[in-house]
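Residue-level listing of the chains:
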Number of protein chains: 2
Amino acid sequence: MTIKAIGYAASGKHAKLKPMQLERQDPLPNEVQIAVLYCGVCHSDIHQCENDWGNTVYPCMPGHEVVGRVVNKGSLVTKHAIGDLVGVGCMIDSCHECAPCLAGDEQYCEGPNSWLATYNGPMKQTKTGENMYGRDNTFGGYSDQLVVREDFVLKIPAALPIEAAAPILCAGVTTYSPMKHWGVKAGSKVGVVGFGGLGDMSVKIARAMGAQVTVFTRDKDKVAEAHRLGAKSVVEGDDKAYAALEGHFDFIISTVPEKHEVDPFIPLLRHDGVFVAVGALAPMPGWNHMNVIMGRKTIAGSLIGSITETQEVLDFCAEHRIAPDIQLIPIQEINEAYKYVKSGDVRFRYVIDAASLAEDKAA
Amino acid sequence: MTIKAIGYAASGKHAKLKPMQLERQDPLPNEVQIAVLYCGVCHSDIHQCENDWGNTVYPCMPGHEVVGRVVNKGSLVTKHAIGDLVGVGCMIDSCHECAPCLAGDEQYCEGPNSWLATYNGPMKQTKTGENMYGRDNTFGGYSDQLVVREDFVLKIPAALPIEAAAPILCAGVTTYSPMKHWGVKAGSKVGVVGFGGLGDMSVKIARAMGAQVTVFTRDKDKVAEAHRLGAKSVVEGDDKAYAALEGHFDFIISTVPEKHEVDPFIPLLRHDGVFVAVGALAPMPGWNHMNVIMGRKTIAGSLIGSITETQEVLDFCAEHRIAPDIQLIPIQEINEAYKYVKSGDVRFRYVIDAASLAEDKAA
């Protein structure tokens, strides 16, 4: 038996997202079927639809910030019950055998296909062209039904607003994971570069960890927003403000989703400081390494977070009563929303209300 | 009273090093006077003489790999006795008050003048133009006498060959410090880029730590040398060899003393791998950050090492019976030696035999 589902997908690099019928397989013994309630819109959805990374398989149905309810489950499922409110992030499987998987770092899976992405998976073909998952492409959460292996399904804490929980599954964990890995703690001085969906979560999580936060934004209109969240702010390119912050930061996270200058931020790090860019899957311009050597500084990257960390950040947000700033949209407005995200004008996260798919299903 | 001394110094950017008379101050209560026996020739001596970093104060008398004997000492000196074999590395003082100094990381001193360099110090002027050390320039170990605060003077273990101990004070600690900081250990897979004086020490120290070492060199003639030291080797630019090493290394240290490509080495790092460039005090070309993000990799820098680490690496080399490969020269050949170092043709370290200064003193 299969599950009839509907979603929105792009048929090619320049195509708009349109309704697409699809069939999902009934859950295997260790899988759950999820009726999607909400799905966040991530900048990487756009990069993937537009084949910016050269690995897109069409049709491309994005969505890796999914919240929904369990409506069916396989016979061996023990972690989730029918009716549970659950989440699905960027990964729906991994090899379970490599060193990172065994260490609980599935996001760095070194298996033959690496981890299986929620959409556009497998990310990586084996050398013989086969893939270990037996399917050529996965379709994500811009749809009404998902079927996922239970241990890649997260529990949504009751204290979180349901629709705002969705972006925690990517934007939240992508910022939480490096802050935890590099030891952000009470009293840390944290810089946040770029103030969109990931920037919003970076500020909230760092503040909840007890850090002093400064937001770097190119957009003067976002300054008041930064202050509202308890952060200081610097408008990018303000040389005087940069000079005053020399040697100030323990940790700077760049959430900018594309190529950008790193060099101006290095002098702002203190001794042993870390600059992590999590959004720029892209070639970056050069930097003056003298400033790195002089303080044993680090330029690093970080990719989403592990399943364990994803559950942690959901629980952390619930405990600290923080959630992404979002704007709900019907899925029929997705192409327009993409335009705003690309322009960088939005500070909040768009979240698709999956109830709107009923309209296309009926059509 | 002052001490009449002689050394070799450059009077300007394009000037050759020539004999120069100088006076050193008699040791203060906490200082020792050292009769120099040997001084290593570091590539940074050349950068400094040629004002490549824009901060050279002339006359520039280099030398920060100094081995000698204590010939006089102040009344409060307790660590060293007259006749002791001692060493002086890159630093002769620091502020002793900032967070890095208090943590034993003097090489990242955040005091008003940062640490005091053995030559061309103070490195950093205060904003008012003063410097806290009361002297405008320091003269290094290309001379017959040095006077240094006792706690910046190292003990040379008896098991080390005296003349080969000198390069451990910079080349040794510069490679030891980052290997220790980033946890190189038995079984680690270590890459060494550039195979001159620092590369030689990197291989020997990493091997003594129990690591598997691969040398990257642009010079086919150095391959046999790498093998002799127990390392594998890759000739830079050999795409096939690079492809075979994808995801292989825990740690890669670049000892290249100038601007160079980093990008080809990133894919060779495994998950959480670290690429540290210790020699390139220079603007570096761009890199593809996707490869950094995908494995939570690190591009970092590291500056020499602390006084504690300098003593550690001297003791480590003595314990493991390793020492730099050196060639002794009279100081009168220093300008010719610089030519060979600049061309990258030498794998060993030139070490000046300070006895040769007698010739100029007599003249």
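Please read these numbers as outputs of a predicted model, since none were measured by experiment. (Residues numbered from 1 in each chain as written. Chains lettered and ligands numbered in written order. Predicted model: local features only at pLDDT ≥ 70, side-chain atom pairs only at ≥ 80, totals over all residues. Heavy atoms only, no water.)

## Brief notes about helix 5 (residues 197-208) of chain B
Residue and element names in this part refer to chain B.
At step 1: Taking 1.5 Å of rise per residue, the 12 residues of helix 5 would be expected to cover 16 Å, and the 17 Å separating its terminal C-alpha atoms lies within 8% of that figure.
At step 2: Across the 12 residues of helix 5, 10 count as buried, placing the element largely inside the fold.
At step 3: All of the buried residues in helix 5 are Gly-197, Leu-198, Gly-199, Asp-200, Met-201, Ser-202, Val-203, Lys-204, Ile-205 and Ala-206.
At step 4: Those residues of helix 5 that are buried are in contact with helix 4 (171-181), strand 10 (189-193), strand 11 (212-217), strand 13 (249-254), helix 9 (307-320) and strand 19 (349-353). (Helix = DSSP H or I, 4+ residues; strand = E, 2+ residues; numbered from the N terminus. Expected span 1.5 Å × (residues − 1). Buried < 20%, exposed > 50% of the residue type's maximum accessible area, 1.4 Å probe, protein only. Contact = heavy atoms within 4.5 Å.)

## Digging into the relation of the copies chain B and chain A
At step 1: Relative to chain A, chain B is turned by 180° and slid 0.0 Å along the rotation axis, the superposed coordinates differing by an RMSD of 0.0 Å. Taken together, the rotation angle and the small translation identify this as a two-fold axis. Looking at the rotation axis and the C-alpha trace of chain B, the residue lying nearest is Gly286(B), at 1.9 Å.
At step 2: Comparing interface residues between copies, 100% of those in chain B also lie at the interface in chain A; the contact surface is shared. (Least-squares fit on C-alpha atoms with pLDDT ≥ 70 in both.)

## Describing the pattern of salt bridges
At step 1: Applying the stated criterion across every chain, the model contains 28 salt bridges over all chains.
At step 2: One salt bridge connects Asp200(A) with Lys204(A), and the closest N-O pair in it is separated by 3.1 Å. With Asp200(A) and Lys204(A) both in helix 5 (residues 197-208) and 4 residues apart, the pair spans about one turn of that helix.
At step 3: When the shortest N-O distance is used, the salt bridge between Arg296(B) and Asp272(B) registers 2.7 Å. Taken together, the residues Arg296(B) in the loop between helix 8 (289-293) and strand 17 (298-301) and Asp272(B) in strand 14 (residues 269-277) connect sequence positions 24 residues apart.
At step 4: Through salt bridges with shared partners, a single network forms among Asp200(A), Lys204(A), Glu225(A), Arg228(A) and Asp325(A). (Salt bridge = Lys/Arg side-chain N within 4 Å of Asp/Glu carboxyl O.)

## Structural notes on the domain arrangement of chain A
Residue and element names in this part refer to chain A.
At step 1: Looking at the assigned domains, one finds that chain A contains domain 1 (2-170 + 326-362) and domain 2 (172-301).
At step 2: Summarising the inter-unit geometry, the C-alpha centres of domain 1 and domain 2 are found 28 Å apart.
At step 3: The partner domain 2 presents 17 residues to the 15 residues of domain 1 that form the contact.
At step 4: Both faces combined, the contact of domain 1 with domain 2 buries some 1200 Å², and carbon together with sulfur accounts for 46% of it.
At step 5: Looking only at domain 1, the three residues that lose the most surface to domain 2 are Trp-53, Cys-170 and Arg-347, adding up to 48% of its buried area.
At step 6: Counting every contact that joins domain 1 to domain 2 gives 0 salt bridges.
At step 7: Scanning the region where domain 1 abuts domain 2 turns up 7 residue pairs in polar contact (both at pLDDT 80 or more).
At step 8: Residue composition of the side of domain 1 that touches domain 2, by class: 7 nonpolar, 5 polar and 3 charged. (Domains from an automatic or database assignment. Buried area = accessible area lost by both parts, 1.4 Å probe. Polar contact = N/O pair within 3.5 Å; in protein donor to acceptor, adjacent residues only side chain to side chain. Nonpolar A, V, L, I, M, F, W, Y, C, P; charged D, E, K, R; others polar.)

## Concerning the side chain of His47(B)
Residues and elements named next belong to chain B.
At step 1: Assignment of secondary structure puts His-47 in helix 1 (residues 43-49).
At step 2: Of note is the side chain of His-47, whose polar atom sits 2.7 Å from the side chain of Asp-52.
At step 3: If near-sequence neighbours (up to four positions away) are discounted, His-47 is found in contact with Asp-52, Trp-53 and Pro-257.

## Digging into helix 4 of chain B
At step 1: Burial analysis of helix 4 of chain B places 9 of its 11 residues in the buried class, which makes it a mostly covered element.
At step 2: Positive backbone phi, at 75°, marks Gly183(B), one or two positions downstream of helix 4 of chain B.

## Let's talk about the pairing of strand 17 (residues 298-301) of chain A
At step 1: Neither face of strand 17 of chain A is open: one carries Thr298(A) and Ala300(A), the other Ile299(A) and Gly301(A), and all of them are buried.
At step 2: In this structure, strand 14 (residues 269-277) of chain A lies alongside strand 17 of chain A, joined through 4 bridges in parallel fashion. Opposite Ala277(A), over in strand 17 of chain A, you have Gly301(A) as the bridge partner.
At step 3: In this sheet, strand 17 of chain B lies alongside strand 17 of chain A in antiparallel orientation, the contact comprising 3 bridges. Across the sheet, residue Ile299(A) finds its bridge partner in strand 17 of chain B, namely Ile299(B). (Pairing = 2+ DSSP bridges.)

## Section: unusual backbone geometry
With glycine set apart, most residues show a phi of negative sign, and most peptide bonds adopt trans.
At step 1: Between Tyr58(A) and Pro59(A) the backbone carries a cis peptide bond, its omega angle lying at -5°.
At step 2: Mapped onto the secondary structure, Pro59(A) falls in the loop between helix 1 (43-49) and strand 4 (66-73).
At step 3: For Arg321(A), which is not a glycine, the phi torsion comes out positive at approximately 55°.
At step 4: By relative accessible area, which is 66% here, Arg321(A) ends up exposed.
At step 5: Non-glycine residue Arg296(B) carries a positive phi angle of around 45°.

## Side note on the state of the cysteines
Residue and element names in this part refer to chain A.
At step 1: Going through the model one piece at a time under the given rule, you end up with 0 disulfides over all chains.
At step 2: Considering cysteine sulfurs only, Cys-98 is the nearest to Cys-101, which forms no disulfide, with 3.7 Å between them.
At step 3: Judged by its relative accessible area of 10%, Cys-101 falls in the buried class.
At step 4: Left unpaired, Cys-109 is separated from the closest cysteine sulfur, that of Cys-95, by 3.7 Å.
At step 5: Judged by its relative accessible area of 5%, Cys-109 is buried. (Disulfide = S-S within 2.5 Å.)

## Quick look at the interface of chain B and chain A
At step 1: Taken together, the contact between chain B and chain A spans 40 residues of the former and 40 residues of the latter.
At step 2: Here chain B and chain A share 2 salt bridges between them.
At step 3: Across the pair Asp105(A) and Arg296(B) runs a salt bridge whose closest N-O atoms are separated by 3.3 Å.
At step 4: Secondary structure elements with two or more residues in the side of chain B that touches chain A: helix 2 (99-102), helix 4, strand 14, strand 15 (283-284), strand 16 (287-288), helix 8 and strand 17 of chain B.
At step 5: In terms of residue class, the side of chain B that touches chain A is made up of 22 nonpolar, 12 polar and 6 charged.

## Some words on the packing of aromatic side chains
At step 1: All told, the structure shown has 15 aromatic pairs over all chains when counted by the stated rule.
At step 2: Taking the centre distance of 5.3 Å and the plane angle of 90° together, the rings of Phe348(B) and Tyr350(B) count as edge-to-face.
At step 3: With a relative accessible area of 24%, Phe348(B) lands in the partly exposed category.
At step 4: Following the ring pairs from residue to residue traces out a cluster consisting of Phe216(A), Tyr242(A), Phe249(A), Phe265(A) and Phe275(A). (Phe/Tyr/Trp six-rings, centres within 6.5 Å; stacked < 30°, edge-to-face > 60°.)

## A few points about the side chain of His289(B)
At step 1: Locating His289(B) in the fold gives a position in helix 8.
At step 2: Taking relative accessible area as the criterion, His289(B) reaches 0% and is therefore assigned buried.
At step 3: Polar contacts involving the side chain of His289(B) include one to the main-chain carbonyl oxygen of Ala300(A), which spans 3.5 Å.
At step 4: The residues contacting His289(B), other than those within four sequence positions of it, are Ala277(A), Ala280(A), Ala282(A), Pro283(A), Met284(A), Ala300(A) and Gly301(A).

## Quick notes on empty space enclosed by the protein
At step 1: Overall, the coordinates contain 2 cavities of 30 Å³ or more when judged by the stated rule.
At step 2: Empty space within the largest cavity amounts to approximately 60 Å³.
At step 3: The wall of the largest cavity is formed by Gly89(A), Cys90(A), Met91(A), Phe152(A), Leu154(A), Leu169(A), Val173(A), Ile304(A), Gly305(A), Ile307(A) and Thr310(A).
At step 4: Its residues placed into classes, the lining of the largest cavity shows 8 nonpolar, 3 polar and no charged.
At step 5: There is about 50 Å³ of room inside the second largest cavity.
At step 6: Taken together, Gly89(B), Cys90(B), Met91(B), Leu154(B), Leu169(B), Val173(B), Ile304(B), Gly305(B), Ile307(B) and Thr310(B) make up the lining of the second largest cavity.
At step 7: Considering only residue class, the lining of the second largest cavity consists of 7 nonpolar, 3 polar and no charged. (1 Å grid on protein atoms, 1.4 Å probe; cavity = no way out; pocket = protein on both sides within 12 Å on 5 of 7 lines; lining within 4 Å. Points joined across faces, edges and corners; volume = space filled by probe spheres on them.)

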